[in-house]
Amino acid sequence: MPGPSKGYLFPRFANEGESSVPRLANWAVIGIFLIMGFGAIAAGRDFLMPVTMAVLLFFVFTPLRRFAQRRGVPDAMTAAGITLSILLAVAVIAYAASGPISRAISNMPLISYQLEQKFDSVRDSLSDLRDAAARIEEAQTEDTLPDDAPAIRIEQDGETTLGMVLKTAPLLLGQTVFTLILLFFMIASGDLLYLKIVQSFDRMRDKRGAYLALREIEDSLGNYLGAITIINACLGLAIGLAMWAWGLPGALLFGIGGFILNYIPYLGAITGVAISGLVALVVMPGLFWPAMVALTYLGLTSLEGQIITPYFVSRRLQMNTVVVFLAVALWAWLWSVIGMVIAVPVLVVLRVLAEHVPGWEKFGNFLAGDKPPALEDDDETEAKELVETGAEAEDEPAARAMTREMVNPEERSGSF
């Protein structure tokens, strides 16, 4: 006779006559594999970042290569045109941003002094709180530290912003060149990559499913990145004009920054609001007008994120907002800024794969947004009814009682 604790196991572990220890061991192995996998991804970031970018861009530009091939254009010529166009676009953006960035770096001491003066005025208005905090700190120091205790000093390494830029620029340039060269060879090879992937399957049905999955990744990435790029360009133009109307220096740089930062969900908009507010603090008097500048930036990005993007981006490509935020944070931890940029495209690829790989349907449903794809065996309908029924309960015992009747009689004996 089974013990009473059996009902508290997950359904996958509650099979009759089967011990849960091997399955728990399997989960432990999977957990160890995931930890080692994330460690390997983080350790190989200098190599994996350009490779991932090249693969994503390959899927985006393959429809263009196929379109040109049908019109008699060689794949190598199309690959050269695409890579040179990307290189030219990056060079134009870098040249346009170099002037404002160099002026900002040269004026950094003055900017720092003005910010310090502005924050000093704010601190002066809160002098009473500051004096109280100083007295409390003094009392704690006198009570807890002996007379001969060494003073604690915080020293900085003295590395300037210009030094950090000069240190990271060669690595960034090398990764960009590596990405473009790899992208050129992948596009110039035509359908060779697709052929090798399809040949790795045995049955014709599996070969066809793999090929259709690759084509769907093409369409999904192309539609998503194409729509997002156009929206980001319009947003960058609007931000640049708004900052110019407010009289902020470097309006072009604000527009370029808004275009690039908006590829990073949530965190990009927050960064843009913070930068615009800090620059406004330097060039505008008081605190009211800098706050209005930051609110202008926030209003434009909110309009884009809440209305424009959901309207123009297909609902099929929209993701669970919590998953998107966690993915951006995870990839930021693994690969810094580039990781935040590729977080959503990687989720799009995983979403497409989940629709074609057997057993991944629940994972795809978890990634989906407000209207997830329908699952087999009425799982989606049953889950919705269960959640809606349980939402009317005030606490867990009431939810247990209200949802018990929804369980089949043959399953009810093993439930809790």
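Definitions and limits used
- Residues numbered from 1 in each chain as written.
- Predicted model: local features only at pLDDT ≥ 70, side-chain atom pairs only at ≥ 80, totals over all residues.
- Heavy atoms only, no water.
- UniProt positions renumbered as here; feature names shortened; annotations may be inferred.
- Helix = DSSP H or I, 4+ residues; strand = E, 2+ residues; numbered from the N terminus.
- Contact = heavy atoms within 4.5 Å.
- Areas by Shrake-Rupley, 256 points an atom, 1.4 Å probe, with all protein chains shown as cover.
- Axes fitted to C-alpha atoms, helices over the stretch in contact; angles between N-to-C directions.
- Left-handed = near helix turned anticlockwise from the far one by under 90°.
- Buried < 20%, exposed > 50% of the residue type's maximum accessible area, 1.4 Å probe, protein only.
- Expected span 1.5 Å × (residues − 1).
- Bend = angle between axes of the 7 residues up to and from the residue.
- Salt bridge = Lys/Arg side-chain N within 4 Å of Asp/Glu carboxyl O.
- Core = buried A, V, L, I, M, F, W, Y, C linked by side-chain atoms within 4.5 Å.

- The name recorded for the protein chain in an unreviewed UniProt entry is AI-2E family transporter, from Paracoccus rhizosphaerae.
- Reading the Sequence similarities (unreviewed entry) entry of the UniProt record for the protein chain gives the comment "Belongs to the autoinducer-2 exporter (AI-2E) (TC 2.A.86) family."
- For the protein chain, the Subcellular location (unreviewed entry) comment in UniProt is given as "Membrane".

## A word on the overall build of the protein chain
Right, on to step 1. Counting secondary structure elements, the protein chain contains 16 helices and zero strands.
Right, on to step 2. If you take every contact in the protein chain between residues at least 6 apart in sequence, the share linking residues at least 24 apart comes to 66%.
Right, on to step 3. Split by element, the accessible area of the protein chain, about 27,300 Å² in all, is 67% carbon and sulfur.

## Let's talk about the packing of helix H2 (residues 45-70) against helix H12 (residues 321-356)
Right, on to step 1. Running from N to C, H2 and H12 cross one another at 35°; their axes reach a closest spacing of 11 Å. Seen along the crossing, H2 lies across H12 with a hand that is left-handed. Contacts between H2 and H12 involve Arg45, Leu48, Met49, Thr52, Met53 and Leu56 from the first element and Leu334, Trp335, Ser336, Ile338, Ile342, Pro345 and Val349 from the second.

## Here's the deal with the environment of Ala79
Right, on to step 1. Relative to the helices and strands, Ala79 is located in helix H3 (residues 75-106).
Right, on to step 2. On the accessibility criterion, Ala79 (0% relative accessible area) is buried.
Right, on to step 3. Put simply, Ala79 and Phe58 are 21 residues apart on the chain and 9.8 Å apart in space, counted from C-alpha to C-alpha.
Right, on to step 4. With residues up to four places along the chain from it excluded, the contact list for Ala79 reads Phe184, Ile187 and Ala188.

## A few points about the side chain of Glu304
Right, on to step 1. Examined against the element boundaries, Glu304 turns out to sit in helix H11 (residues 288-312).
Right, on to step 2. Glu304 gets classed as buried once you look at its relative accessible area, which sits at 8%.
Right, on to step 3. Not counting residues up to four positions away in its chain, the partners in contact with Glu304 are Ile231, Leu235, Asn262, Thr309 and Pro310.

## Some details on the environment of Ile101
Right, on to step 1. Checked against the element boundaries, Ile101 lands in helix H3.
Right, on to step 2. Of the residues examined, Ile101 reaches a relative accessible area of 39% and is grouped as partly exposed.

## Some words on unusual backbone geometry
Right, on to step 1. With a phi close to 65°, Tyr266 is a non-glycine residue in the positive phi region.
Right, on to step 2. Residue class for Tyr266 comes out partly exposed when judged on its relative accessible area of 37%.
Right, on to step 3. At Ser336, a position not held by glycine, the phi torsion is positive, near 60°.
Right, on to step 4. The topology assignment puts Ser336 in helix H12.
Right, on to step 5. Take Ser336: its relative accessible area is 32%, and that puts it in the partly exposed class.

## Description of H11
Right, on to step 1. Compared with an ideal rise of 1.5 Å per residue, which puts 25 residues at 36 Å, H11 spans 35 Å between its outermost C-alpha atoms and is within 8% of the ideal.
Right, on to step 2. Its axis deflected by about 35° at Glu304, H11 carries its strongest bend there.
Right, on to step 3. In this fold, the buried residues of H11 make contact with helix H8 (204-245), helix H9 (251-261) and helix H10 (267-283).

## Remarks on the UniProt feature "transmembrane region" (unreviewed entry) in the protein chain
Right, on to step 1. Within this numbering scheme, the UniProt entry marks residues 21-41, 47-64, 76-97, 172-195, 224-246, 252-271, 278-300 and 320-353 as carrying the feature "transmembrane region" (unreviewed entry).
Right, on to step 2. For residues 47-64, the helix share is 100%, the strand share is 0%, and the end-to-end C-alpha distance is 27 Å.
Right, on to step 3. In the segment residues 252-271, helix accounts for 75% and strand for 0%; the C-alpha atoms at its two ends are 17 Å apart.

## Section: the pattern of salt bridges
Right, on to step 1. With the rule as written, the count across this model stands at six salt bridges.
Right, on to step 2. For the salt bridge of Asp191 with Arg66, the shortest nitrogen-to-oxygen distance reads 3.9 Å. Taken together, the residues span a long stretch of sequence, with Asp191 in the loop between helix H6 (161-188) and helix H7 (192-199) and Arg66 in helix H2 at a distance of 125 residues.
Right, on to step 3. Ionic pairing is found between Arg215 and Glu218, a salt bridge with its closest N-O pair at 3.5 Å.

## As for the nonpolar core
Right, on to step 1. The biggest cluster of nonpolar side chains holds 42 residues, and the ones touching the most others in it are Phe58, Phe59, Leu221, Tyr224, Trp331 and Leu347.
Right, on to step 2. Broken down by element, the residue count for this core peaks at 16 residues, all from H12.
Right, on to step 3. Sequence-distant contacts of Leu221, that is, excluding residues within four places in its chain, are made with Leu56, Phe59, Val60, Gly226, Pro345, Val348 and Val349.
Right, on to step 4. In terms of nonpolar packing, the next biggest core, distinct from the first, is built from twelve residues, Ala242, Met243, Phe254 and Met284 among them.

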